[in-house]
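As a plain string of letters, each chain reads:
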Amino acid sequence: MESIQMMDLITQYNAIREEMDTAVLQSIRSGQYINGNEVGRFTEALSAYTGSNVVTCGNGTDALQIALMALDLKPGDEVIVPAFTYMAAAEAVALLGLTPVAVDVDLQTFNMDVTKIPEALSARTKAIIPVHLFGQTSDMAPLMDIAQQYNLFVIEDNAQSIGAVYSFPDGTKKQAGTIGTIGTLSFFPTKNLGCYGDGGALMTSNKELAQKIQMIGRHGQSQKYHHQMIGCNSRLDTLQAAILNIKLDHLEQYTLSRQKAADYYRKNMSFLTDFLELPYVAPYSTHVSHQFTIRVKEGKRDALQLYLKEKGIPSAVYYPLPIHHQEAFRPLIKIAGDLRVSEALSKTVLSLPMHTELSENQQDYIIDQISEFFK
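Residues numbered from 1 in each chain as written. Predicted model: local features only at pLDDT ≥ 70, side-chain atom pairs only at ≥ 80, totals over all residues. Heavy atoms only, no water.

Visitor: Explain the overall build of the protein here, please?
Guide: Scanning the protein from terminus to terminus reveals 11 helices and 15 strands. For 375 residues, the compact-globule estimate of 2.2 N^0.38 gives 21 Å, and the C-alpha radius of gyration of the protein, at 21 Å, lies within 12% of that figure. Within the protein, buried positions represent 56% of all 375 residues. Across the protein, the fraction of contacts at a sequence separation of at least 24, relative to all contacts at a separation of at least 6, is 72%. Taken as a whole, the protein presents about 16,500 Å² of accessible surface, with 49% of it coming from carbon and sulfur. The averaged location of the 40 negative side-chain charges in the protein is 3 Å from the averaged location of its 31 positive side-chain charges. (Helix = DSSP H or I, 4+ residues; strand = E, 2+ residues; numbered from the N terminus. Rg over C-alpha atoms; globule rule 2.2 N^0.38 Å. Buried < 20%, exposed > 50% of the residue type's maximum accessible area, 1.4 Å probe, protein only. Contact = heavy atoms within 4.5 Å. Areas by Shrake-Rupley, 256 points an atom, 1.4 Å probe, with all protein chains shown as cover. Lys, Arg positive; Asp, Glu negative; His and termini not counted. Charge placed at Lys NZ, Arg CZ, Asp CG, Glu CD.)

Visitor: Quick question: what am I supposed to make of the sheet that holds strand S9 (residues 200-204) here?
Guide: Taken in spatial order, the 8 strands of this open sheet run S1-S9-S8-S5-S4-S2-S3-S14, and their pairing is mixed. The sheet is open, and its two edges are formed by strand S1 (53-57) and strand S14 (334-335), each paired on a single side. Relative to strand S3 (residues 99-103), strand S2 (residues 78-82) runs parallel, the two being bridged by 5 bridges. Within S3, the residue paired with Pro-82 across the bridge is Val-103. Of the strands in this sheet, S2, S3 and strand S5 (153-157) touch helix H5 (residues 88-95), which is tilted by about 165 degrees from S2. Strands S1, strand S8 (182-186) and S9 of the sheet are contacted by helix H7 (residues 207-217), whose axis makes an angle of about 10 degrees with S1. (Pairing = 2+ DSSP bridges. Axes fitted to C-alpha atoms, helices over the stretch in contact; angles between N-to-C directions.)

Visitor: Looking at this structure, how should I read the packing of helix H3 (residues 37-50) against helix H8 (residues 238-269)?
Guide: Between two packed helices, the angle of one axis relative to the other and the distance separating the axes together describe the packing. Contact geometry of H3 with H8 gives a least axis separation of 8 Å together with a crossing angle of 30 degrees. Accordingly, the angle class assigned to the pair H3 and H8 is roughly parallel. In terms of crossing hand, the pair formed by H3 and H8 is left-handed. For the pair formed by H3 and H8, the contact residues are Glu-38, Val-39, Arg-41, Phe-42, Ala-45, Leu-46 and Tyr-49 on the first element and Thr-238, Ala-241, Ala-242, Leu-244, Asn-245, Leu-248, Leu-251 and Glu-252 on the second. (Parallel < 35°, antiparallel > 145°, perpendicular 65-115°, else oblique. Left-handed = near helix turned anticlockwise from the far one by under 90°.)

Visitor: What am I meant to see in the state of the cysteines here?
Guide: What is meant by a disulfide is a covalent connection between two cysteines, made through their sulfur atoms. In total, this model carries 0 disulfides according to the counting rule given. Here Cys-57 is not cross-linked by a disulfide; its sulfur's nearest cysteine counterpart is in Cys-232, at 8.2 Å. On the accessibility criterion, Cys-57 (1% relative accessible area) is buried. With relative accessibility at 16%, the residue Cys-232 sits in the buried group. (Disulfide = S-S within 2.5 Å.)

Visitor: What is the right way to look at a negative patch on the surface in this model?
Guide: The grouping of Glu-18, Glu-19, Asp-21 and Asp-249 at the surface amounts to a negative patch. In terms of residue count, the dominant contributor to the negative patch is helix H2 (residues 17-30) (3 residues). Within the secondary structure, Asp-21 is located in helix H2. A relative accessible area of 35% means that Asp-21 is categorised as partly exposed. (Patch = residues over 30% accessible without salt bridge, like charges linked within 9 Å, V, L, I, M, F, W, Y side chains within 5 Å. Salt bridge = Lys/Arg side-chain N within 4 Å of Asp/Glu carboxyl O.)

Visitor: Quick question: what am I supposed to make of the packing of aromatic side chains here?
Guide: Centre distance and the angle of the planes are the two values used to describe a pair of aromatic rings. In the structure shown here, the tally under the stated rule is 14 aromatic pairs. Plain terms: the ring middles of Phe-84 and Tyr-319 are 6.0 Å apart, the flat faces sit at 65 degrees to each other, and that makes the pair edge-to-face. Residue Phe-84 is located in the loop between S2 and H5, and its partner Tyr-319 is located in the loop between helix H9 (301-310) and S14; the two are separated by 235 residues in the primary sequence. Here Tyr-166 and Phe-168 contribute two aromatic rings whose centre-to-centre distance is 4.9 Å and whose plane-to-plane angle is 85 degrees, an arrangement assigned as edge-to-face. The residues Tyr-166 and Phe-168 share a single accessibility class, namely buried. Aromatic ring contacts, followed pair by pair, group Phe-84, Tyr-86, Phe-110, Phe-134, Tyr-318 and Tyr-319 into a single cluster. (Phe/Tyr/Trp six-rings, centres within 6.5 Å; stacked < 30°, edge-to-face > 60°.)

Such coordinate-based values are descriptive only and should not be taken to indicate function.
As structure tokens, this is what we get:
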């Protein structure tokens, strides 16, 4: 059995080595290391792919911070975030002196439980950040209804679900990240569309807002040395843009490979449902399978993870602590209602290897070892 990786970036690179090496070398030889032509090319290509106005930036966390800055929120304003997710959304909120308000998530999808939003609202509420976790969207139709009713901004954290498509009740379809006021992306290497360093982007249908976002990420300047507002320094490197231009051309095939692997897991792990819950695919969203995250029953998650490690199988817990249990947020966060689902998930979730190069032989070995554990 060949070595199993949680995310096999080397094998993925080897499959596109020639075109990637050519693109990288051309970028280096151009001498345009900041705001080079590749950045413009990628911005245009991603705009065409998503059907939105795209502004690139340094990373996904910067994208969240810039989005909040662009909406002119003031210290003390409240922003609703899911309790079960990576901490970046709440971190960006807190960094700007805003108050993160944690709401519980749905047990099946792991995404924000939209029915919990009303009890999180107050006179200070100004925005909602749904995080499209593990590869599928939050339930955006009812969320957008609430946002419209209470005049709230919506920032979609789409770091893990690029290419996922949400279907509205009337049949309208939109890509994840293009539904709310602003969508954000991360191009961290392990993401479905990942570069070989850090990178990020913001998306919006509002051209004026896109211009403001671009100014904020360029020190608040509309032209060099003319600063209209306080901004920050967050740029996508030309070299990373060159890499992303190649990766974007392969994204649809990468998505299909991940979906095929996820389907194979589901089909061949169905006999284990007495011991674990397989990932749920919501009827309103396609799933681009950023992660394949199971829930292990009867308190056996940690024992299973240790057993798999002994058998040469990597796994990961995303995430071992909900936001409201993170030390950094304890004095800052506001808790809305009961967060029991988020707390339960942190004790039961386990993500199995999932990537574009995962073979059926590797998956068979993983499934066999999980089966052996429960025997």
